[in-house]
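Spelled out from the first residue to the last, the chains are:
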Amino acid sequence: MRAVVVEQWGGPENLVEREVERPEPGLNEVLVRVHAAGVNPVDWKTRAGGALIEWGDVPAVGWDVSGTVEAVGPGVGLFRPGDEVFGMPLFPRQAGGYAEYVVAPARHLAPKPARLTHVEAAALPLAALTAWQALVDTADLRPGERVLVHAAAGGVGHLAVQIAKARGAYVIGTASAGKHDLLRELGADEVIDYRSVRFEDAVADVDVVLDGLGGETAERSLRVLRPGGRLITLPGPDDVPAAPAGVRALWVLVEPDHLGLREIAALADRGALRPVVETVLPLSQAARAHELGEQGRTTGKIVLSVV
Ligand SMILES: NC(=O)c1ccc[n+]([C@@H]2O[C@H](COP(=O)([O-])OP(=O)(O)OC[C@H]3O[C@@H](n4cnc5c(N)ncnc54)[C@H](OP(=O)(O)O)[C@@H]3O)[C@@H](O)[C@H]2O)c1
């Protein structure tokens, strides 16, 4: 099968297309024919060799996939050949999502939202599960609570805005001005142009901050939280500031989650969660996808089309 692999740690030019052996599904595993593969910052952080994930060997990057079940291993009752599925198998271990086929534990997948194309569905798993696990599972976001989403037009952010809205929250997002109309369309109640306004001067009494930026943004976010507030910062554990009494600050790492994927698919199928796909490139242009993504300006997602 065709796969894009990392030849050695380093820049995007180290992503190369190769013929490799097709994997076989083992006990409880599913072989998926990949139609589209989503691209995430962890893909290029891993490729560059600087991710938290420590592998002895050079990895096969890519986790987000949407495709069709080709075969199932012994013990799988959830899926049959021909089923359309999406997911983020094995994260943070290697999955090799930039390929024509991947093997996944069955419960690392869920039925693809019927309303979405494979390209749209491949934009969801890692980013939407991150937003879901942070806002719903960790922060226990309640209807009427005020949530501030940083980098609200990015991969995680634009889905977090919609998930928070669907949970009945009041949603405030930060983005550059050209992205504000999109954020309002996606359900943001307030938008802040972080380039002209310091967000802590524009917003207060926030219950939950979802921070996709880290660094000083995480520190400054503590100032907008009300007592009982929760700050979830995504880039890394070193980005978590020391929280004063009465508020919680933590880093969470997304994990494969069958039930979370089902919730996300249900939202997508009722039109409450719409992935925005800014760029679709063929698998052979994975290096170009990384170059674009690494600029840090993506609106929504970049997806690789595999068939
Ligand atoms: N812990 C986890 O499990 C987990 C999971 C997923 C992602 N992450 C991490 O979370 C971070 C975000 O991921 P992502 O996929 O959402 O990234 P992304 O899609 O690459 O984010 C790009 C967006 O960031 C915005 N942005 C950049 N600087 C900004 C600022 N100062 N204020 C507001 N917006 C700003 C850009 O908007 P403008 O063009 O308007 O600046 C752009 O739309 C990454 O570091 C990623 O590795 C962690």
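Here the residue index of a chain counts from 1 through its sequence in written order. For this predicted model, a pLDDT threshold of at least 70 governs which residues receive local features, and a threshold of 80 or more governs which side-chain atom pairs are given and counted, while totals over whole chains, interfaces and linings are taken from all residues. Only hydrogens and water are set aside; all other atoms, that is, all heavy atoms of the structure, feed into the side-chain values.

Let us now look at the domain arrangement of the protein. Each assigned domain of the protein is listed here: domain 1 (2-124 + 275-305) and domain 2 (127-251). Summarising the inter-unit geometry, the C-alpha centres of domain 1 and domain 2 are found 27 Å apart. The contact criterion used is simple: two residues touch if any of their non-hydrogen atoms lie within 4.5 Å. Domain 1 puts 13 residues into the contact, and the matching count from domain 2 is 15 residues. Taking both sides of the interface into account, the surface hidden between domain 1 and domain 2 amounts to around 990 Å²; carbon and sulfur atoms contribute 59%. Polar contact is the term for a pair of N or O atoms within 3.5 Å; when the atoms are in protein, one must be able to donate a hydrogen and the other to accept it, and sequence-neighboring residues count only if both atoms are side-chain atoms. Where domain 1 packs against domain 2, one counts 8 residue pairs in polar contact (both at pLDDT 80 or more). Amino acid classes used here: Ala, Val, Leu, Ile, Met, Phe, Trp, Tyr, Cys and Pro are nonpolar; Asp, Glu, Lys and Arg are charged; the rest, including Gly, are polar. Here the residues of the side of domain 1 that touches domain 2 are counted per class, giving 6 nonpolar, 4 polar and 3 charged. Domain start and stop positions are those given by an automatic or database domain assignment. Values labelled buried area give the accessible surface lost by two parts on being combined, using a 1.4 Å probe and summing over both.

This brings us to the sheet that holds strand β12 (residues 225-233). DSSP bridges decide pairing: two strands pair if at least two such bridges lie between them. Numbering of helices and strands runs from the N terminus, with a helix taken as a DSSP run of H or I at least four residues long and a strand as a DSSP run of E at least two residues long. Spatial ordering of the open sheet is given by β10-β9-β8-β11-β12-β13, a layout of 6 strands whose pairing is parallel. Both outer strands of the open sheet, β10 (190-193) and β13 (248-251), are each paired with one neighbouring strand and no more. Strand-to-strand, the axes of this sheet are offset by a mean angle of 15°, without reference to chain direction. For helices, the fitted line uses only the C-alpha atoms of the stretch in contact; every axis is such a line through C-alpha atoms, and the angle between N-to-C directions lies from 0 to 180 degrees. Most of the contacts of helix α3 (residues 125-138) go to strand β11 (residues 206-211), to which it runs at about 155°, and overall it touches β8 (146-149), β11, β12 and β13. Its contacts with the sheet place helix α4 (residues 155-166) against β8, β9 (170-175) and β11, and it is angled at close to 170° to β8.

Looking now at the nonpolar core. Judged by nonpolar contacts, the single largest core of 51 residues is most densely connected at Leu 124, Leu 135, Val 147 and Ile 163. When contributions to this core are tallied by element, the ones reaching two or more residues are α3, β8, α4, β9, α5 (180-185), β11 and α8 (258-269). Setting aside residues up to four positions removed in sequence, Leu 135 forms contacts with Asp 140, Leu 141, Val 147, Ala 160, Ile 163, Ala 164, Val 208 and Leu 210. Definition used in this section: a nonpolar core is a set of buried Ala, Val, Leu, Ile, Met, Phe, Trp, Tyr and Cys residues joined via side-chain atoms within 4.5 Å. Only protein chains enter the accessibility calculation, which uses a 1.4 Å probe; a residue whose area is less than 20% of its type maximum is buried, one above 50% is exposed, and one in between is partly exposed. In terms of nonpolar packing, the next biggest core, distinct from the first, is built from 28 residues, Val 4, Val 61, Val 69 and Leu 283 among them.

This next bit is on the layout of surface pockets. Size it by volume and the largest pocket reaches roughly 1200 Å³. For the largest pocket, the lining is made up of 50 residues, of which Pro 41, Lys 45, Ala 151, Val 156 and Gly 212 are closest to its centre. Of all the elements in the fold, those that place two or more residues in the lining of the largest pocket are α1 (41-48), α3, α4, β9, β11, α7 (215-221) and β15 (301-305). Here the residues of the lining of the largest pocket are counted per class, giving 28 nonpolar, 14 polar and 8 charged. Points on a 1 Å grid, built from protein atoms alone, make a cavity when a 1.4 Å probe fits but cannot get out and make a pocket when they are open with protein on both sides within 12 Å along at least 5 of 7 lines; residues with an atom within 4 Å of a point are the lining residues. Grid points are joined across faces, edges and corners, and a volume is the space filled by probe spheres set on the points. As a volume, the second largest pocket reaches approximately 180 Å³. Along its surface, the second largest pocket is lined by 15 residues, and Met 1, Ala 60, Ala 95, Gly 96 and Tyr 101 are the ones closest to its centre. Within the lining of the second largest pocket, the residues separate by chemical class into 14 nonpolar, 1 polar and no charged.

With that settled, consider the environment of Glu 84. With respect to the helices and strands, Glu 84 occurs in strand β5 (residues 84-87). For Glu 84, the contacting residues outside a window of four places in its chain are Gly 67, Thr 68, Ala 110, Pro 111, Lys 112 and His 118. Of note is the side chain of Glu 84, whose polar atom sits 3.0 Å from the side chain of His 118.

Below, the discussion takes up the site of the ligand. Inspection of the region around the ligand gives 26 residues, with Lys 45, Ser 176, Lys 179, Tyr 194 and Thr 298 positioned closest. Between a nitrogen atom of the ligand and a side-chain N or O atom of Trp 251, the distance comes to 3.4 Å. In this structure, Arg 297 approaches the ligand through a side-chain N or O atom, which is 2.8 Å from an oxygen atom. Each accessible area value is a Shrake-Rupley result obtained with a 1.4 Å probe; residue values ignore everything except the protein chains displayed when judging cover. When the ligand is considered free in solution it has 940 Å² of accessible area, and contact with the protein chains removes 87% of it. Whether a molecule sits in a cavity or pocket is decided by its atoms, more than half of which must lie within 2 Å of the grid points. Given that more than half its atoms are within 2 Å of the pocket grid, the ligand belongs to the largest pocket. Elements supplying a minimum of two residues to the shell around the ligand: α1, α3, α4 and β9. Its residues assigned to classes, the shell around the ligand comprises 14 nonpolar, 8 polar and 4 charged. Each of domain 1 (2-124 + 275-305) and domain 2 (127-251) contributes no fewer than three residues to the shell around the ligand. In this text, near means that some heavy atom of the residue lies within 4 Å of the molecule or strand in question.

What follows concerns α1. What α1 keeps buried is the set Val 42, Asp 43, Trp 44, Thr 46 and Arg 47. Lining the buried residues of α1 we find β1 (2-6), β2 (15-19), β3 (29-39), α3 and α9 (286-293). The positive-phi residue at the C-terminal boundary of α1 is Gly 49, with phi of around 90°.

Bringing the pairing of β10 into the picture now. Looking along a regular strand, one sees side chains alternate from face to face of the sheet. Direction of pairing for β9 relative to β10: parallel, over a ladder of 4 bridges. Its bridge partner lying in β10, Ile 172 is registered against Glu 190. Here a crossover is taken to be right-handed if, once the strands point away from the viewer, the path from the first strand over the helix to the second is traced clockwise. Handedness of the crossover is the feature at issue here: the chain leaves β9, passes through α5, returns alongside β10, and the resulting connection is right-handed.

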